[in-house]
Amino acid sequence: MTALLPEKDKRLDYKIILNLVNENSRILDLGCGDGTLLDLLNKEKNVIGRGVEISTEGVHLSMEKGLSVVQGNIDEGLSDYEDKSFDWVILSQTLQVIREPLLVILEMLRVGKHVIVSFPNSGHWKFRFNLLLKGRMPKTKLLPFEWYNTPNIRSLTIKDFKDFIYLEKMRVVKEYYFKDYSKLSKFRPANFFASMAMYVIEGMDNFPL
Amino acid sequence: MIQANGIYLHGCIRISKKGNALSVEKSKLKNSAGYVETKYIEIPNGIKLDCGETIAPLSIAYQTYGELNKDKTNAVLIVHALTGDAHAAGYNKKTGKAGWWDIMIGPGKGIDTNKYFVICSNVLGGCKGTTGPSSVNPETGKPYGLNFPPITIFDMVRVQKLLIEHLGIDCLLSVIGGSMGGMQALAWPVLYPGLVNSSAAIATTTRLSPQSIAFNEIGRLSILLDQNFNDGNYYGGQPPSKGLALARMIGHITYLSDESMQTKFGRNYKNDKPGEFLKPEFEVERYLHHQGDSFIKRFDANTYIYLTKAMDHFDLARNHKSLKHAFKDTFARYLIVAFTSDWLFPVYQSKEIVRSLQSNLCDVTYCEIESAYGHDAFLLEIEELTRMLENFLKNSFTKSKI
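Cut-off values and rules
Residues numbered from 1 in each chain as written. Chains lettered and ligands numbered in written order. Predicted model: local features only at pLDDT ≥ 70, side-chain atom pairs only at ≥ 80, totals over all residues. Heavy atoms only, no water. Helix = DSSP H or I, 4+ residues; strand = E, 2+ residues; numbered from the N terminus. Rg over C-alpha atoms; globule rule 2.2 N^0.38 Å. Contact = heavy atoms within 4.5 Å. Areas by Shrake-Rupley, 256 points an atom, 1.4 Å probe, with all protein chains shown as cover. Lys, Arg positive; Asp, Glu negative; His and termini not counted. Charge placed at Lys NZ, Arg CZ, Asp CG, Glu CD. Buried area = accessible area lost by both parts, 1.4 Å probe. Salt bridge = Lys/Arg side-chain N within 4 Å of Asp/Glu carboxyl O. Polar contact = N/O pair within 3.5 Å; in protein donor to acceptor, adjacent residues only side chain to side chain. Nonpolar A, V, L, I, M, F, W, Y, C, P; charged D, E, K, R; others polar. Buried < 20%, exposed > 50% of the residue type's maximum accessible area, 1.4 Å probe, protein only. Phe/Tyr/Trp six-rings, centres within 6.5 Å; stacked < 30°, edge-to-face > 60°. Patch = residues over 30% accessible without salt bridge, like charges linked within 9 Å, V, L, I, M, F, W, Y side chains within 5 Å. pLDDT = per-residue confidence, 0-100.

### What about the overall build of chain B?
Alright, step 1. Looking only at helices and strands, chain B has 12 helices and 18 strands in total.
Alright, step 2. Taken over C-alpha atoms, the radius of gyration comes to 21 Å for chain B, in line with the 21 Å a tight globule of 402 residues would show.
Alright, step 3. Considering only C-alpha atoms, chain B reaches an extent of 65 × 50 × 50 Å along its principal axes.
Alright, step 4. A fraction of 73% describes how many contacts in chain B between residues 6 or more apart in sequence connect residues 24 or more apart.
Alright, step 5. Counting only carbon and sulfur atoms, one obtains 52% of the accessible surface of chain B, whose full area is about 17,100 Å².
Alright, step 6. Looking at charge distribution, chain B has the averaged site of its 43 positive side-chain charges lying 4 Å from that of its 39 negative ones.

See the structure below:
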């Protein structure tokens, strides 16, 4: 969704996803953009991939890569898919643009056996200092938009996301924090030093509370 | 970008007169499937229809472009809409007329005849060479007229299957159609699962909305009320031209959109000023009359009745528990395309198809093209469709499952 993305082979988040996913698994990529991630998964892991993308251009570019993508709004739901019909459902750098994050994530957990969510972290120090010192909504490499034209209608921090996961009775299975698209963040707290976070999450339906 | 000028795309192709014969400009000919002619096959045993009756003998008019490869894996069937014919691409040598989808089918075009063997046939019930109500009924020696049995979209597909078999092709790479052609494109894999690799259904539906049935009905009624209709026995006499022209005019309103009418005609007068009180005065009126008048020269009123009836009754989920169930195990890759301003085959109907396909985990690509052209968009949004069909065919070919 963001404008300045590095080459796909430098995308560490994609590499991690590639390692998580088994050969021949069924993948649903929500907000698949030009289909780069699905294409990578296709070539490296021979997955059966499906994508949902809101823009016509994204559908064209995905088709050029040989992918099957449905043009649509993720917010309209995944109700057509049966329970656990995908091995992995991925929401990569798209959480910040959707209107109904809770609904979408609950649906992802329903239709997928595993769920990956990644998003830009508004708790990143650059973001904080920008706002503190300049007094304006920060623009970063990941989020280069003006407040009035940004597709990223939701700003959230890593802490916000973790609260959300806890309150909505989900569980983090794996977590990854990135300095940028190509490097992991070495320093902690991640909410201060990571510009982006990625999680594998699951529902806690089976856990009595 | 081609200007919206209704269904008549060939209106923009210039034909120069040389001697007596019409010849097409060389550059245009070179970029097309060239001069083509309609071929015919006769099937003496005919075909048994959904209604239980048999039509025999059966004649099928068709054209082909490009070459069938050795493995016979590159055959693409084009299925025309309500008033189309087998002449989809290239130029007719006698009339110089371009095929109805020449802009899409040809060497290097969206449906590339250098790569694919493209077939297009006139539908069952048509009036362009395939057996229909204007054909001679062997029992009476006269045209069938209204004695022609009612036909269905599935019957049309069965006839196409006979043609494919005749051409020695077991499996189709793809079936591509818009509007009524899209209905057939969707019926193909349902009727012949495993025999069609992919299906592209453009601006279509698995069942018409009541609004579209309503428009079809007043179209038919205008033909039935024409004094010349004579219970369909008008062959050899005066055909019900006024009724047929009116049906076409009604049809054309539904093919456009409010926005495209605004852009195309506005409130302009056809002669820059008001005219006679009861004569067409506005541009939009002139357009509709023009469409009506040219239609009656090329179309049969009974065919109009039979084909619109076939569309009205079409329900892909018929004989199935649900639409989802109908698409189950069809083994095909699908491309569904809808246009935002199409109110005859609205976007929600395409979405319904996509949802049913998705719930079966079928391989489906869906695109909703932003367009002001209304239903006509499927013949006018050339750039978008070219790109889409080119990739879709390439993907169907390289990832062939059959």
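### With respect to the overall build of chain A
Alright, step 1. Summing up its helical and strand segments, chain A has seven helices and eight strands in all.
Alright, step 2. For chain A, the C-alpha radius of gyration of 17 Å lies close to 17 Å, the compact-globule estimate for 209 residues.
Alright, step 3. Overall size of chain A, expressed as C-alpha extent along the three principal axes, is 50 × 45 × 30 Å.
Alright, step 4. If you take every contact in chain A between residues at least 6 apart in sequence, the share linking residues at least 24 apart comes to 66%.
Alright, step 5. Accessible surface for chain A amounts to roughly 10,600 Å². Of this, 54% is attributable to carbon and sulfur atoms.
Alright, step 6. Charge-centre separation for chain A: the mean point of 29 positive side chains lies 9 Å from the mean point of 27 negative side chains.

### Details of the interface of chain A and chain B
Alright, step 1. Contacts between the two partners involve 22 residues from chain A, matched on the other side by 24 residues from chain B.
Alright, step 2. The largest per-residue losses of area from chain A upon contact with chain B belong to His60, Met63 and Asp80 of chain A, which jointly make up 30% of the total buried on that side.
Alright, step 3. Between the two partners, chain A and chain B, sit five salt bridges.
Alright, step 4. A salt bridge links glutamate 64 of chain A to arginine 387 of chain B, with the nearest nitrogen and oxygen atoms 3.1 Å apart.
Alright, step 5. Where chain A touches chain B, the interface holds 14 residue pairs in polar contact (both at pLDDT 80 or more).
Alright, step 6. Contributions of two or more residues to the side of chain A that touches chain B are made by α3 (56-64) and β3 (69-71) of chain A.
Alright, step 7. Broken down by element, the residue count for the side of chain A that touches chain B peaks at seven residues, all from α3 of chain A.
Alright, step 8. The residue makeup of the side of chain A that touches chain B, split by class, is eight nonpolar, seven polar and seven charged.

### Section: the environment of serine 198 of chain B
Residues and elements named next belong to chain B.
Alright, step 1. Mapped onto the elements of the fold, serine 198 is located in strand β16 (residues 196-202).
Alright, step 2. The buried category is assigned to serine 198, whose relative accessible area is 0%.
Alright, step 3. Contacts of serine 198, omitting those with residues within four sequence positions, involve Leu173, Ser174, Val175, Ala332, Arg333, Phe392 and Ser396.
Alright, step 4. A polar contact of 2.8 Å, which involves the side chain of serine 198, links it to the side chain of serine 174.

### Things to note about the pattern of salt bridges
If the charged atoms of two oppositely charged side chains come close together, the side chains can form a pair.
Alright, step 1. For the coordinates displayed, the defined rule picks out 28 salt bridges over all chains.
Alright, step 2. In this structure, glutamate 146 of chain A engages lysine 139 of chain A in a salt bridge whose closest nitrogen and oxygen atoms are separated by 2.7 Å.
Alright, step 3. Of the residues examined, glutamate 146 of chain A reaches a relative accessible area of 29% and is grouped as partly exposed.
Alright, step 4. For lysine 139 of chain A, a relative accessible area of 43% translates into the label partly exposed.
Alright, step 5. Between glutamate 352 of chain B and arginine 207 of chain B there is a salt bridge, with the nearest N and O atoms lying 3.8 Å from each other. Here glutamate 352 of chain B is found in helix α10 (residues 347-359), whereas its partner arginine 207 of chain B is found in the loop between β16 and α4 (210-224), with 145 residues between them in sequence.
Alright, step 6. When its relative accessible area of 27% is taken as the criterion, glutamate 352 of chain B is described as partly exposed.
Alright, step 7. Overall, arginine 207 of chain B belongs to the partly exposed group, its relative accessible area being 45%.

### Observations concerning the packing of aromatic side chains
Alright, step 1. For the structure on display, the rule yields 26 aromatic pairs over all chains.
Alright, step 2. Summarising the aromatic geometry, the rings of tyrosine 116 of chain B and phenylalanine 397 of chain B are spaced 6.1 Å apart at their centres and angled 80° between planes, so their arrangement reads as edge-to-face. A residue pair is termed long-range when its members are at least 10 positions apart, and tyrosine 116 of chain B in the loop between β11 (111-112) and β12 (117-121) and phenylalanine 397 of chain B in helix α12 (residues 382-398) qualify at 281 residues.
Alright, step 3. Residue phenylalanine 397 of chain B is classed as partly exposed on the basis of its relative accessible area of 36%.
Alright, step 4. Their ring planes at 40° and their centres at 4.6 Å tell us that tyrosine 234 of chain B and tyrosine 235 of chain B sit as a pair that is tilted.
Alright, step 5. Connected via pairs of aromatic rings, a cluster forms that spans Phe119, Phe161, Phe164, Tyr177 and Tyr199 of chain A.

### Some words on a nonpolar patch on the surface
Alright, step 1. Together, Trp125, Phe129, Leu132 and Leu133 of chain A give the surface a local cluster of nonpolar side chains, amounting to about 460 Å² of exposed area.
Alright, step 2. Residue position: tryptophan 125 of chain A is located in helix α5 (residues 125-134).

### Some words on the confidence of the model for chain A
Alright, step 1. Of all residues in chain A, 93% attain a pLDDT of 70 or more, and the chain-wide mean is 91.
Alright, step 2. No element of chain A has a lower mean pLDDT than α5 of chain A, which averages 93, and none a higher one than helix α7 (residues 190-193) of chain A, which averages 97.

### A look at the environment of isoleucine 151 of chain B
Residue and element names in this part refer to chain B.
Alright, step 1. Looking at the secondary structure, you find isoleucine 151 in the loop between β14 (142-143) and α2 (153-166).
Alright, step 2. Between the C-alpha atom of isoleucine 151 and that of leucine 82, which follows or precedes it by 69 residues, the distance is 14 Å.
Alright, step 3. When near neighbours in sequence (up to four residues on either side) are disregarded, isoleucine 151 contacts Leu49, Leu124, Gly125, Met156, Tyr306, Leu307 and Ala310.

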